[in-house]
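One letter stands for each residue in the lines below.
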Amino acid sequence: MKFVDEVRIFVKAGDGGNGAVSFRREKFIERGGPNGGDGGDGGSVIFVADPQLTTLLDYRYQQHHRAKGGEHGMGSDCNGRAAEDMVLKVPVGTLVKNANTDELLVDLSESGQRWVAAKGGRGGLGNMNFATSTRQTPRFAQDGTKGEEVTLRLELKLLADVGLLGFPNAGKSTFISRVSRARPKVADYPFTTLVPNLGMVQYKDGLSFVMADIPGIIEGASEGVGLGHQFLRHVERCKVLIHLIDMGAEGEDRSPLHDFDVLNTELAKYSEQLAGKPQVVAANKLDLPDAQARLAPFTEALRERGIRVYPVSCATGEGMQALMDSVAEVLFTGRTEKLHVEKPAPVRKAAAKTAAREAPARKAAAPARKTGKAPAAKKAPAAKKAPAAKKAPARKAAAPARKAPGPARTVKAPARKAAAKKVAARKAPAKRGAMAKQRPAAKQTRAAAKKAPARKPGGRRS
Ligand SMILES: Nc1nc2c(ncn2[C@@H]2O[C@H](COP(=O)(O)OP(=O)(O)OP(=O)(O)O)[C@@H](O)[C@H]2O)c(=O)[nH]1
Ligand SMILES: [Mg+2]
């Protein structure tokens, strides 16, 4: 059956019937009084989510839907018959939007869910309703009201728990046919799959879930390249995505890492929310010799990002169980630990380097401790831990500049006392002189000053 997932339709509810103006006319009964009946209500247009349907195809061919109007009221106290509601069946997962404003009106995501799209008009009252003691012959009746009308856009978003994503030819259809009873076409050319396929996966312990296989996504899909990215809508409701990488792909610019990045970029362009869904990354076609060679660098590259790669072969079934276990864990428990690996932690390497660099510095700091700058040495372990290892050299460089004049100031202090009211110009040489005197001391303390970041907290504690 042809798959149609977007249509525009016009719906109009039935108008209410008019009330009747009528008087009883019978032999020997004079002035029988008003007996015009009420009009019947118009039929409403109602959408019902039907699990039997999988496409909006019917609405592609019939785009106007009008419910019947109510009957008019009649004489002899006869009310008009109300019209039946018009029920429009749509697949479960249909979004109904106002075609003009694009406002989402309802998401029919539950089987049997009903929604009134256009309410039928109310029948008018017949003249018998308007008779009073002072107005016994009302020669008027009420008209029925008009039924609502609206132009709608129906969008089908399939309901699946797990979505399969990947470049064309990555093996998505092979994957779904291996884990479920879905039998989509599998062939060795891109864009074999043109419409989404659903498959019911029977997992262990009676647990089952629905998996969706959608057409391949390629670079520029968001600009309409290939089949575009409109099929991504069908995996928007998924809780987990399986990202299949074709490890045997050949061609310019095709490398597993490049494919991975391109697909994620396209996902992000489509929707940030979709891009943020948990992804199980599967490196497929590992039975091919080329694929084996590409696996190690790809796995390492993703490990640096903290992402685990599941090596699989949909052809032989190798690695599929581990992959499905992870998918089921995310789906049923919401835990995503299995999708991540520990990063190689470049921080630690840097920390090791820093520690190596600091080792001689610590030695040099030892004499400085004698001069009263000691607490730094105690803090050496803290320096080792320092996560911002890169910052350490900068601090080291800055520290001597800050600290070197320290002793000079202590020398300068008596000088200031002695010549309290002398001009500032005299101070400068004094400072310089003091600094010159202290230069060897400054040199000595430089090593200690390297410990400056550690000294601060130490100083506070002492
Ligand atoms: N050697 C090998 N070939 C595979 C494997 N999985 C899939 N293939 C082959 O790859 C080709 C494409 O497989 P499909 O399942 O049609 O790929 P797809 O991702 O659905 O492709 P589109 O529908 O075009 O997006 C077919 O010829 C498969 O036989 C695998 O694990 N190993
Ligand atoms: Mg396919």
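Residues numbered from 1 in each chain as written. Chains lettered and ligands numbered in written order. Predicted model: local features only at pLDDT ≥ 70, side-chain atom pairs only at ≥ 80, totals over all residues. Heavy atoms only, no water.

### Points about the packing of aromatic side chains
Part 1: Counted under the stated rule, the structure contains five aromatic pairs.
Part 2: Members of the aromatic cluster, connected to one another through ring pairs, are Tyr203, Phe209 and Phe332. (Phe/Tyr/Trp six-rings, centres within 6.5 Å; stacked < 30°, edge-to-face > 60°.)

### A word on helix H2 (residues 172-179)
Part 1: Where burial is concerned, most of H2 is hidden: six out of the eight residues are buried.
Part 2: Looking at the packing, one finds that the buried side of H2 touches strand S9 (162-166), strand S10 (197-202), strand S11 (208-213), strand S12 (240-246) and helix H6 (320-333). (Buried < 20%, exposed > 50% of the residue type's maximum accessible area, 1.4 Å probe, protein only. Helix = DSSP H or I, 4+ residues; strand = E, 2+ residues; numbered from the N terminus. Contact = heavy atoms within 4.5 Å.)

### Quick notes on the pairing of strand S2 (residues 45-50)
Part 1: Most of S2 is tucked away: six of the six residues are buried.
Part 2: Judged by which residues are buried, S2 turns out to be covered on both faces: Val45, Phe47 and Ala49 on one side and Ile46, Val48 and Asp50 on the other are all buried.
Part 3: In terms of strand pairing, S2 meets strand S7 (residues 114-118) through four bridges, oriented antiparallel. Along S7, the bridge assignment pairs phenylalanine 47 with tryptophan 115. (Pairing = 2+ DSSP bridges.)

### Quick look at the coordination of the magnesium ion (ligand 2)
Part 1: Distances from the magnesium ion (ligand 2) to its protein donors, namely Ser173 (OG) and Thr193 (OG1), fall within the range 1.9 to 2.0 Å. With serine 173 in helix H2 and threonine 193 in the loop between H2 and S10, this residue pair connects regions lying 20 residues apart in the sequence. Taken individually, serine 173 and threonine 193 each receive the classification buried, so the pair is uniform in this respect. (Donors = N, O, S within 2.8 Å, 3.2 Å for Na, K, Ca; no water.)

### Looking at the packing of H2 against H6
Part 1: Where H2 contacts H6, the two axes come as close as 12 Å, and the packing angle between them is 85°. The orientation of H2 relative to H6 falls into the category roughly perpendicular. Within the contact between the two elements, H2 uses Phe175, Arg178 and Val179 and H6 uses Met320, Leu323 and Met324.
Part 2: Classifying every residue of the contact of H2 with H6 by side-chain character gives five nonpolar, no polar and one charged. (Axes fitted to C-alpha atoms, helices over the stretch in contact; angles between N-to-C directions. Parallel < 35°, antiparallel > 145°, perpendicular 65-115°, else oblique. Nonpolar A, V, L, I, M, F, W, Y, C, P; charged D, E, K, R; others polar.)

### Thoughts on unusual backbone geometry
Part 1: The phi dihedral of phenylalanine 28 is positive, around 70°, even though this residue is not glycine.
Part 2: With respect to the secondary-structure elements, phenylalanine 28 resides in the loop between strand S1 (6-12) and S2.
Part 3: In this model, aspartate 102 sits at a positive phi of 65°, which is unusual for a non-glycine residue.
Part 4: On the basis of relative accessibility, which here comes to 41%, the residue aspartate 102 falls in the partly exposed class.

### What to know about the sheet that holds S12
Part 1: Sheet architecture is open: six strands sit in the order S10-S11-S9-S12-S13-S14, paired in mixed fashion. The sheet is open, and its two borders are formed by S10 and strand S14 (309-311), each paired with just one other strand. When the angles between neighbouring strand axes are averaged without regard to direction, this sheet yields 30°.
Part 2: Of the strand pairs in this sheet, S12 and strand S13 (residues 279-284) are connected by six bridges, and their pairing is parallel.

### What to know about the sheet that holds strand S3 (residues 64-66)
Part 1: Here five strands make up an open sheet; going across it, the order is S3-S1-S8-S5-S6 and the pairing mixed. Two strands in the sheet have a free side with no partner beyond their single neighbour: S3 and strand S6 (104-108). Each strand of the sheet is rotated relative to its neighbour by a mean of 25°, with strand direction disregarded.
Part 2: Bridge analysis of S1 against S3 gives three bridges, and the strand direction is parallel. Paired with valine 11 across the bridge in S3 is histidine 65.

### Description of the site of ligand 1
Part 1: Near ligand 1 there are 24 residues, and of these Ser173, Thr174, Phe191, Thr193 and Asp287 occur at the shortest range.
Part 2: At 2.8 Å, a backbone N or O of threonine 192 approaches an oxygen atom of ligand 1.
Part 3: One of the side-chain N or O atoms of asparagine 284 is found 3.2 Å from an oxygen atom in ligand 1.
Part 4: Taking 650 Å² as the accessible area of ligand 1 by itself, protein coverage stands at 88%. (Near = heavy atom within 4 Å. Polar contact = N/O pair within 3.5 Å; in protein donor to acceptor, adjacent residues only side chain to side chain. Areas by Shrake-Rupley, 256 points an atom, 1.4 Å probe, with all protein chains shown as cover.)

### Details of the environment of glutamate 250
Part 1: Tracing the sequence through the fold places glutamate 250 in the loop between S12 and helix H3 (256-270).
Part 2: Distance from glutamate 250 to aspartate 290, taken between C-alpha atoms, is 9.7 Å for residues 40 residues apart in sequence.

### Points about the packing of H3 against helix H5 (residues 289-303)
Part 1: One can describe the packing of H3 onto H5 by two numbers: an axis separation of 9 Å at closest approach and a directional angle of 45°. In terms of their interaxial angle, H3 and H5 are classed as oblique. From H3, Pro256, Leu257 and Phe260 reach across to H5, where they touch Arg294, Phe298, Ala301 and Leu302.

### A short note on the pairing of strand S5 (residues 94-98)
Within a regular beta strand, the side chains point alternately toward one face of the sheet and then the other, so they alternate between its two faces.
Part 1: With five of five residues buried, S5 lies mostly within the body of the structure.
Part 2: Taking every second residue as pointing to the same face, both faces of S5 are buried, with Thr94, Val96 and Asn98 on one and Leu95 and Lys97 on the other.
Part 3: Two elements, S5 and strand S8 (residues 149-156), share five bridges in a ladder whose sense is antiparallel. Directly across from lysine 97, in S8, lies its bridge partner arginine 153.
Part 4: Both S5 and S6 contribute to a ladder of four bridges, which runs antiparallel. The partner of lysine 97 across the bridge, within S6, is leucine 104.
Part 5: Here S5 folds back onto S6, and the loop between the two strands holds five residues, one of which, aspartate 102, carries a positive phi near 65°.

### Re the confidence of the model for the protein
Part 1: When pLDDT is averaged along the protein, the result is 77; 74% of the residues meet or exceed 70.
Part 2: Overall, residues 361-462 carries pLDDT values under 50, and its contacts beyond four positions in sequence, including any with other chains, amount to 62 contacts. (pLDDT = per-residue confidence, 0-100.)

### Regarding the pattern of salt bridges
Part 1: Under the criterion given, the structure shown has 20 salt bridges.
Part 2: For aspartate 15, the salt bridge is made with lysine 12, and the minimal N-O distance between the two is 2.9 Å.
Part 3: In this structure aspartate 15 comes out as partly exposed when scored by relative accessible area, which is 26%.
Part 4: Lysine 157 is the partner of glutamate 236 in a salt bridge, and the nearest nitrogen-oxygen pair spans 3.1 Å. Within this pair, whereas glutamate 236 is found in the loop between S11 and S12, its partner lysine 157 is found in the loop between S8 and S9, the two being separated by 79 residues in sequence.
Part 5: Through salt bridges with shared partners, a single network forms among Asp5, Glu6, Lys97, Asp102, Arg153, Glu155 and Arg233. (Salt bridge = Lys/Arg side-chain N within 4 Å of Asp/Glu carboxyl O.)

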